[in-house]
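Single-letter residue listing:
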Amino acid sequence: VFPRAHYHLARMLIDLGDIVGAAEALRASIAAQPENPEAYYTLGLTLARRGALDEAISAFRTAIQQRGGNHPWALHNLGTALMRRGDVVEAADAFRMAIDKRGGAFPKAHHNLGLALMRSGDPGAALRSFQTAIEQRNGAYSRAYNNLGVVLLREGRWDEAYEALLSALKLESF
C-alpha cells in the first residue's frame, strides 16, 4: 500500500467535491502509515466539511499530537470545529495556541479568537483580538471590521461601531 498515493488521491477528490471518497482515501493513507499528521489534518478538514465534528476534532488532535503540539493550522481548525460544536472556551484555547505557534502573527486565528471571546462574554478581549487581526492584515480584513463593529454596538460605542462597519463595507465594495 502506498500512503502518499492515497493522500494525493484524497486531495484530488477534495478538489472534485467528493468528500466521502476523500475521507476513505485518507483513512487508507493513515492505515498504511499511522504516523501521518498531514493525512490526519486533511481528514479533519473533510470530516468538518461533512459536519462530523467529533471525528474532525479527534483527527485534528491526532495531527497536533503527531507534530509534537506544533501544527498551527490544525490547532486553528480544531478551534473552529470546537466553536461549531459550541465549546467556545476550549475553542479560544486552541486559537491562542495556534497564535502562539505562529509567533503571534496569525490574523485568521486572532479573528476567530475574537468570535470565541465575543460568544463567551468577554467583549474587551474580543475587541483586542479583532483589532489585532485587522492590524496584521494592514487594515484589509472586512470580517474582522464587521465583528469589531458588532461588539462596539453591543458596548454602546456608536461612533466607533459606525466607523468599523463602514470600513467593512468599503472593503467589500471592491
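Here the residue index of a chain counts from 1 through its sequence in written order. Reporting in this predicted model follows two pLDDT cut-offs: at least 70 for local features of residues, and 80 or more for side-chain atom pairs to be given and counted; totals over whole chains, interfaces and linings ignore these cut-offs and use all residues. Excluding hydrogens and water, the side-chain values take into account all heavy atoms of the structure.

Peer 1: Would you take a moment to explain the packing of aromatic side chains for this structure?
Peer 2: In this description, a pair of aromatic rings is defined by centroid distance and the angle of the planes. By convention, a stacked pair of Phe, Tyr or Trp rings (six-membered ring in the case of Trp) has centres within 6.5 Å and planes under 30 degrees apart, an edge-to-face pair has planes over 60 apart, and any other such pair is tilted. Overall, the coordinates contain two aromatic pairs when judged by the stated rule. With 6.0 Å between their ring centres and 50 degrees between their planes, Tyr 41 and Phe 60 make a pair best called tilted. With Tyr 41 in helix α3 (residues 37-50) and Phe 60 in helix α4 (residues 53-66), this residue pair connects regions lying 19 residues apart in the sequence. In this pair, the class of Tyr 41 matches that of Phe 60, namely buried. Here Trp 73 and Phe 106 contribute two aromatic rings whose centre-to-centre distance is 4.8 Å and whose plane-to-plane angle is 65 degrees, an arrangement assigned as edge-to-face. Here Trp 73 is found in helix α5 (residues 72-85), whereas its partner Phe 106 is found in the loop between α6 (88-101) and α7 (107-119), with 33 residues between them in sequence. Assessed through its relative accessible area of 37%, Trp 73 is described here as partly exposed. Using a 1.4 Å probe on the protein chains alone, a residue whose accessible area is under 20% of its type maximum counts as buried, one over 50% counts as exposed, and one in between counts as partly exposed. Residue classification places Phe 106 among the buried positions, given a relative accessible area of 1%. For a ring to carry a charge above it, either NZ of a lysine or CZ of an arginine must fall within 6 Å of the ring centroid while also lying within 35 degrees of the normal to the ring plane. Seen from the ring of Phe 106, Arg 102 lies directly overhead, with NZ or CZ sitting 4.4 Å from the centre. If you follow Arg 137 out to its NZ or CZ, it ends over the ring of Tyr 141, 3.8 Å from the centre. Secondary structure elements are taken from DSSP: a helix is a run of H or I of four residues or more, a strand is a run of E of two residues or more, and numbering for both begins at the N terminus.

Peer 1: Please explain helix α1 (residues 3-16) as it appears in this structure.
Peer 2: For an α-helix the count is 3.6 residues per turn, leaving residues at separations of three or four pointing the same way. A helix is expected to span 1.5 Å for every residue after the first. For α1, built from 14 residues, the straight-helix expectation of 20 Å at 1.5 Å per residue is met to within 8% by its first-to-last C-alpha distance of 20 Å. Of all the positions in α1, only Pro 3, Tyr 7, Ala 10, Leu 13 and Ile 14 are classed as buried. For α1, the arc enclosing every buried residue in end-on projection is 120 degrees, short of the 170-degree limit, so these residues lie on one face. Away from the buried face of α1 by more than 90 degrees, exposed residues Asp 15 and Leu 16 are located. The arc in question is formed by the directions pointing from the helix axis toward the C-beta atoms.

Peer 1: When you look at the packing of helix α9 (residues 142-154) against helix α10 (residues 158-172) in this model, what are you seeing that I'm missing?
Peer 2: Helix packing geometry: the angle between the two helix axes and the distance between the axes. For the pair α9 and α10, interaxial distance at closest approach is 8 Å and the crossing angle is 160 degrees. Judged on the interaxial angle alone, α10 and α9 are roughly antiparallel. Here α9 runs over α10; the crossing is left-handed. Packed against α9, whose contacting residues are Ser 142, Tyr 145, Asn 146, Leu 148, Gly 149, Val 150, Leu 152 and Leu 153, the element α10 presents Trp 158, Glu 160, Ala 161, Ala 164, Leu 165, Ser 167, Ala 168, Leu 171 and Glu 172 at the interface. Here an axis means a line fitted to C-alpha atoms, over the contact stretch when the element is a helix, while the angle between two N-to-C directions is reported on a 0 to 180 degree scale. Oblique is the label for any angle not under 35 degrees, not over 145, and not in the 65 to 115 range, which are roughly parallel, roughly antiparallel and roughly perpendicular in turn. Less than a right angle of anticlockwise turn of the near helix away from the far helix marks a crossing as left-handed, whereas a clockwise turn marks it as right-handed. Throughout, a residue-residue contact means that at least one pair of heavy atoms, one from each residue, lies within 4.5 Å.

Peer 1: Which parts of the structure should I look at to understand α4?
Peer 2: For α4, built from 14 residues, the straight-helix expectation of 20 Å at 1.5 Å per residue is met to within 8% by its first-to-last C-alpha distance of 20 Å. Listing the buried residues of α4 in full gives Leu 53, Ala 56, Ile 57, Ala 59, Phe 60, Ala 63, Ile 64 and Gln 66. Looking at the buried side of α4, the elements it contacts are α3 and α5. Looking at the residues trailing α4, positive phi occurs at Gly 68, about 65 degrees.

Peer 1: Hey, could you run me through the pattern of salt bridges in this one?
Peer 2: A side chain of one charge can pair with a side chain of the opposite charge when the charged atoms of the two come close. The term salt bridge refers to a side-chain nitrogen of Lys or Arg lying within 4 Å of a carboxyl oxygen of Asp or Glu. Scanning all chains against the criterion turns up seven salt bridges. The closest approach of N and O atoms between Arg 67 and Glu 38, which form a salt bridge, is 2.5 Å. With Arg 67 in the loop between α4 and α5 and Glu 38 in helix α3, the pair connects residues that are 29 residues apart, well separated along the chain. With relative accessibility at 37%, the residue Arg 67 sits in the partly exposed group. The exposure class assigned to Glu 38 is partly exposed, which follows from its relative accessible area of 25%. The salt bridge involving Arg 61 is made with Glu 90; its shortest N-O contact spans 2.1 Å. A residue pair is termed long-range when its members are at least 10 positions apart, and Arg 61 in helix α4 and Glu 90 in helix α6 qualify at 29 residues.

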